[in-house]
Amino acid sequence: MSEKSIDYRLVIYGAGNCGKDAYWYYGAERVIAFCDSDENKWGKVFLGKTVISPAQLFENKYFTVVAIRDTKENERICDELNRNKVKVTSFSEIEEPIFLKLLNMIDKRPFHMNIETYNYCPMKCVFCPNRILTRNECVMSMDMFESIICQYISDFSGGPLGIGSMQSDFLSDPLLIERVRFLFEKKSNLWIYSTTPLLSMAKYSDSELIEVFRIFDFLEISAHGYDRDSYRKMAGVDGFMIFECQLERLNRLIKRNNLKVDINILFRAYDEKEYINSEFYKKCISLFNVSEVKTSFFSWFGTIKSDDIPEKATIITRDNSKEAYNCVVPNANIAIQSDGKVVGCGCIDWLSKYVIGYVNEQSIDDIWHSEKAVAFRKSFERRKLPDICKECALYCPITELKDVKLEDYQPLDGLYYYASQKNEKRETYLKYE
């Protein structure tokens, strides 16, 4: 069928998350309605469109895009529509080439790199094992830091770079200003991000902070309370007044100096309603984007228990033993600790249980392609799960990369999940053959 003869108006079969992705891809002006097998959804509105029944679809013969994650169910619905002479295509036919392209990219390089420059955090958060299981304090040398950055640029052409993102706070790093000045010279090849509770920001002058934040593209701020008491309950330190002052200071510095860093605030909370109704929360959303009020936390393999956290907050546990898809975290990210160890998972392995290489002995490229690294990345599909993966509540399947918003993704676009969120206005077009 030629593109000129296509009726660009269509129905999306599947009023769920996959249907939402398809709706974004094709555009609101082309989607007539949603269709779903669930009769409880019929007649209701999803993303501004009415959900119709399969019978209505069969009667009107609208061109249909099936957007169902379950492969067998997707095939069943496509067969049923074909039998009823409805022209149909599967959204998976669009997603799959994108997914394969991203998997091929992972074979060659990580999407992003985290460097823990200093393994220290000033917080004693009740949901974090840092206050229970400590490490010997270590500051990464400038020689090692510069070597890692130069390799990242020469071997992988650079990309997203996380500074101090592994159970630590980059603002506490005693060599931060020196590192920032080095990174400024390399900025054209780097998209820089981090997470911070802001407390250590108080020790810097305004001029130093301008230097720091002018190199950043994205910063997530950890907020632990809406007043002094709620903050102390979650953060384990009496730091609310400092936090509030530094948050306002950061806002002033960004506006006065036209700094381009994007800011997200993530609340770690014990009562979502209480936090959202607070005056401090209202102040936060007037200053920056608030991405989430998080009230559930990983147990860190039983290290954090329900008694450790305030009432209404919850501990998450799960069993990953039957998961078939590899986890996206070790596949997307290479994580280097302050002593030069490279760990399989930069999300949870801050105690270096699964070391896949040493930057003082091997190149980053060699480490990424090593047998140890590949085995860790593919541990789910090979049914050889490391102990830290078996009950990790932060597990995220690599099928998250089946995202049409990543169709044109390149590492210098930023973190893959952040780039997909920021890319929602890009226009795309229906192609049916």
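Residues numbered from 1 in each chain as written. Predicted model: local features only at pLDDT ≥ 70, side-chain atom pairs only at ≥ 80, totals over all residues. Heavy atoms only, no water.

A. Structural detail: the overall build of the protein chain. Scanning the protein chain from N- to C-terminus turns up 16 helices and 17 strands. Its C-alpha atoms give the protein chain a radius of gyration of 24 Å, near enough to 22 Å, the size a compact globule of 433 residues would have. Counting only C-alpha atoms, the protein chain reaches 70 × 50 × 45 Å along its principal axes. Looking at the protein chain as a whole, 54% of its 433 residues qualify as buried. A separation of at least 24 residues holds for 71% of the contacts in the protein chain among residues at least 6 apart in sequence. On the protein chain, roughly 20300 Å² of surface is accessible, and the fraction owed to carbon and sulfur atoms is 47%. A distance of 2 Å separates the average location of the 58 positive side-chain charges in the protein chain from that of its 64 negative side-chain charges. (Helix = DSSP H or I, 4+ residues; strand = E, 2+ residues; numbered from the N terminus. Rg over C-alpha atoms; globule rule 2.2 N^0.38 Å. Buried < 20%, exposed > 50% of the residue type's maximum accessible area, 1.4 Å probe, protein only. Contact = heavy atoms within 4.5 Å. Areas by Shrake-Rupley, 256 points an atom, 1.4 Å probe, with all protein chains shown as cover. Lys, Arg positive; Asp, Glu negative; His and termini not counted. Charge placed at Lys NZ, Arg CZ, Asp CG, Glu CD.)

B. Quick look at the pairing of strand 4 (residues 49-52). Of the strand pairs in this sheet, strand 2 (residues 31-35) and strand 4 are connected by two bridges, and their pairing is parallel. In the sheet register, C35 faces strand 4, and the bridge partner there is I52. Pairing geometry for strand 3 (residues 45-46) and strand 4, over two bridges, is antiparallel. The partner of V45 across the bridge, within strand 4, is T50. Hairpin connection, strand 3 to strand 4: the antiparallel pair is bridged by two residues, and L47 has positive phi, about 55°. (Pairing = 2+ DSSP bridges.)

C. Representation of the nonpolar core. Counting 125 residues, the largest nonpolar core has F91, M113, I149, F213, L250, F267 and L401 as the members making the most contacts within it. Those residues in contact with F91, other than ones at most four positions away along the chain, are C18, D21, A22, Y25, Y26, V65, V66, A67 and V404. Judged by nonpolar contacts, the second largest core, of 14 residues, contains Y13, I52, L57 and F58. (Core = buried A, V, L, I, M, F, W, Y, C linked by side-chain atoms within 4.5 Å.)

D. Representation of the side chain of D36 within the structure. Along the polypeptide, D36 turns up in the loop between strand 2 and strand 3. Judged by relative accessible area, which is 10%, D36 ranks as buried. Within the structure, the side chain of D36 is placed 2.8 Å from the backbone nitrogen of A15, a separation counted as a polar contact. Apart from the residues within four sequence positions on either side, D36 is in contact with Y13, G14, A15, K41, W42, V51, I52, S53 and P54. (Polar contact = N/O pair within 3.5 Å; in protein donor to acceptor, adjacent residues only side chain to side chain.)

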